[in-house]
Amino acid sequence: MTENAFSVKRIGKLALMLFASILLPAVCGVLHNVRLDHLIIWVFLSLIFFLCFALYVERERLFGNMSRGISNDYSLLLFIYLICLAAACAGSLLPAFSAPVMAIGLLCNSAFRTKMGTALGVYFALLTALFSDGGTYELVAYILLTLVSLFLLELYLQETLRLWVSILVVCLSVIIPVCCNYLVSHQPEIKTLMISFAGSVVSLAVLHRMPKLCARERIAEEISLDTIMDEHYHLHREIERYSTVDYNHALRTSQVAAHLAAGIGADEKLARAGGFYYRIGKLEGEPFIENGVRLAQENCFSGRLVEILEEYNGQNRLPGSIESAIVQIADMIVTKFDLLDKDTFSSTWNRDIVIYQSMNEKSAEGLYDRSGLSMNQFLTIRELLVKEEILV
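None of the values given here were measured: they were computed from a predicted structure. (Residues numbered from 1 in each chain as written. Predicted model: local features only at pLDDT ≥ 70, side-chain atom pairs only at ≥ 80, totals over all residues. Heavy atoms only, no water.)

Side note on the overall build of the chain
Okay, step 1: Along the chain, the regular secondary structure elements total 18 helices and 0 strands.
Okay, step 2: A buried classification covers 47% of the 392 residues belonging to the chain.
Okay, step 3: Residue pairs in contact within the chain that sit at least 24 positions apart in sequence constitute 71% of those at least 6 positions apart.
Okay, step 4: Summed over its atoms, the accessible surface of the chain is roughly 19,100 Å², and 63% of this surface lies on carbon and sulfur atoms. (Helix = DSSP H or I, 4+ residues; strand = E, 2+ residues; numbered from the N terminus. Buried < 20%, exposed > 50% of the residue type's maximum accessible area, 1.4 Å probe, protein only. Contact = heavy atoms within 4.5 Å. Areas by Shrake-Rupley, 256 points an atom, 1.4 Å probe, with all protein chains shown as cover.)

Here it is, written out as structure tokens:
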């Protein structure tokens, strides 16, 4: 498997990160005229974090928990790590409370959007405070800005909130440093206010640009439908471990959806994957539609598959493709057959009635109006379900 294979590129980029973890703290120590013993400790602490971080990254790669855009050769990881490490060093040269740590936090979390991104953001905030020899309140300001950046980025992903989040980024980038600085100096300082405002502009630029850049990276590295349907794929295994009932439901829905898609000439692979991952959000609980979409995006699922998950049962948005309508129908019918007892289906007539009534009700509600599903295709799907052996 390529994921487990030795890669000179990956090892080389880890080596570059290791070298930077030694060099930049040493350079900062020299610039700040730090005592030799303190400089050695700075480098040592930086090495401790990097070694733990490198082990974690390798572990996540081997278990298939990283997107291909990162796990293939660590290019994005190297870029983010070097940029943030350099920013932490440069920030230590600015006046107290003025380092652009919110921008660093946004950069880390927009690139990875996992606990790895959060850990990196907090680490670089700590490093900035350490390099600048900041006191307790400066450390509090930097950590708070980093944690706030995580929440703001998640809110920013919802288009209707983007203007308000942008305003919050500017306000909090100024308010938090100014308030913490006041606790130290006991008086407002115009210099801190002005530099913090300049930092807020940088944070705003990162907020607007990085999600788009990382989205393009993810689109370029979309994982194939064959890969995510492999029984050894990590999310496939997670669903199996999560619940036998949910796993069996996913398998049946996937098979039925694929059969229906093949019967009317739709995308069979997309329908199969959509059926299997339709309820993936249950792995992380409510709101499970949003959680399912997030998991799919983090694992580089194709845009068409993500749209099917977004359109789950028409709750947030009506199915916008034939495959989405097929997956909804398959999930609905399999669910009905899972819930009703075998006596109900003791005759073929009862089975047919359940299928006909369920599909007709949803059609009457206008659930499939946006999907492009024609009446002939609808009727064909209904007849295919009546003959579907897996529902017996």
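Observations concerning the pattern of salt bridges
Okay, step 1: Counting across every chain of the model gives 11 salt bridges.
Okay, step 2: The salt bridge partner of D226 is K269, with a shortest N-O separation of 3.1 Å. In this pair, D226 is assigned in helix α10 (residues 225-228) and K269 in helix α13 (residues 268-277), connecting sequence segments 43 residues apart.
Okay, step 3: A salt bridge links R317 to E311; its shortest N-O distance comes to 3.4 Å.
Okay, step 4: According to the relative accessible area criterion, R317 is partly exposed, its value standing at 34%.
Okay, step 5: Linked by salt bridges that have partners in common, D267, R304 and E323 make up one network. (Salt bridge = Lys/Arg side-chain N within 4 Å of Asp/Glu carboxyl O.)

Quick look at helix α8 (residues 162-185)
Okay, step 1: The end-to-end C-alpha distance of α8, which contains 24 residues, comes to 35 Å, matching closely the 34 Å that a straight helix rising 1.5 Å per residue would cover.
Okay, step 2: Among all positions in α8, only V165, S166, V169, S173, V174, I176, P177, C180 and N181 are buried.
Okay, step 3: H186 sits one or two residues past α8 and shows a positive phi near 65°. (Expected span 1.5 Å × (residues − 1).)

Some thoughts on helix α4 (residues 75-91)
Okay, step 1: With 17 residues, α4 extends 24 Å between its outermost C-alpha atoms, agreeing within 8% with the 24 Å of an ideal straight helix rising 1.5 Å per residue.
Okay, step 2: All buried positions along α4 are accounted for by L76, L77, L78, I80, Y81, C84, L85, A88, C89 and G91.

So, the state of the cysteines
Okay, step 1: For the structure shown, the criterion picks out 0 disulfides.
Okay, step 2: Take C108: it sits in no disulfide, and the sulfur closest to it among the cysteines is that of C84, at 3.6 Å.
Okay, step 3: Look at C108 and you get buried, because its relative accessible area is 0%.
Okay, step 4: Here C179 stays unpaired: no disulfide links it, and the sulfur of C180, its closest cysteine neighbor, is 6.9 Å away. (Disulfide = S-S within 2.5 Å.)

Overview of the side chain of N181
Okay, step 1: Within the secondary structure, N181 sits in helix α8.
Okay, step 2: N181 has contacts with F97, H186, E189 and T192, leaving out every residue within four places of it along the chain.

As for the nonpolar core
Okay, step 1: Ranked by size, the top nonpolar core spans 51 residues in total, and within it Y277, F301, I326, I329, M359, I381 and L385 carry the most contacts.
Okay, step 2: Discounting chain neighbours no more than four positions away, the residues touching I381 are L260, I264, I326, I329, M359 and L373.
Okay, step 3: Listed in part, the 50 residues of the second largest apolar core include F53, A54, Y142 and C180. (Core = buried A, V, L, I, M, F, W, Y, C linked by side-chain atoms within 4.5 Å.)

Details of the side chain of S203
Okay, step 1: For S203, the position within the fold is in helix α9 (residues 190-220).
Okay, step 2: You can call S203 buried: its relative accessible area is 1%.
Okay, step 3: Not counting the four nearest positions on each side in its chain, S203 is found in contact with M102, A103, L106, V169 and S173.

What about a nonpolar patch on the surface?
Okay, step 1: There is a patch of nonpolar side chains on the surface, built from F19, L23, V27, L31 and L93 and spanning about 470 Å² of accessible area.
Okay, step 2: In this fold, L23 is placed in helix α1 (residues 8-31). (Patch = residues over 30% accessible without salt bridge, like charges linked within 9 Å, V, L, I, M, F, W, Y side chains within 5 Å.)

As for unusual backbone geometry
Okay, step 1: Look at the link from E286 to P287: it is a cis peptide, with omega at -10°.
Okay, step 2: At H186, a position not held by glycine, the phi torsion is positive, near 65°.
Okay, step 3: Structurally, the position occupied by H186 is in the loop between α8 and α9.
Okay, step 4: Despite not being glycine, N313 has its phi angle at roughly 55°, a positive value.

Treat this as a map of the structure, not an account of what it does.
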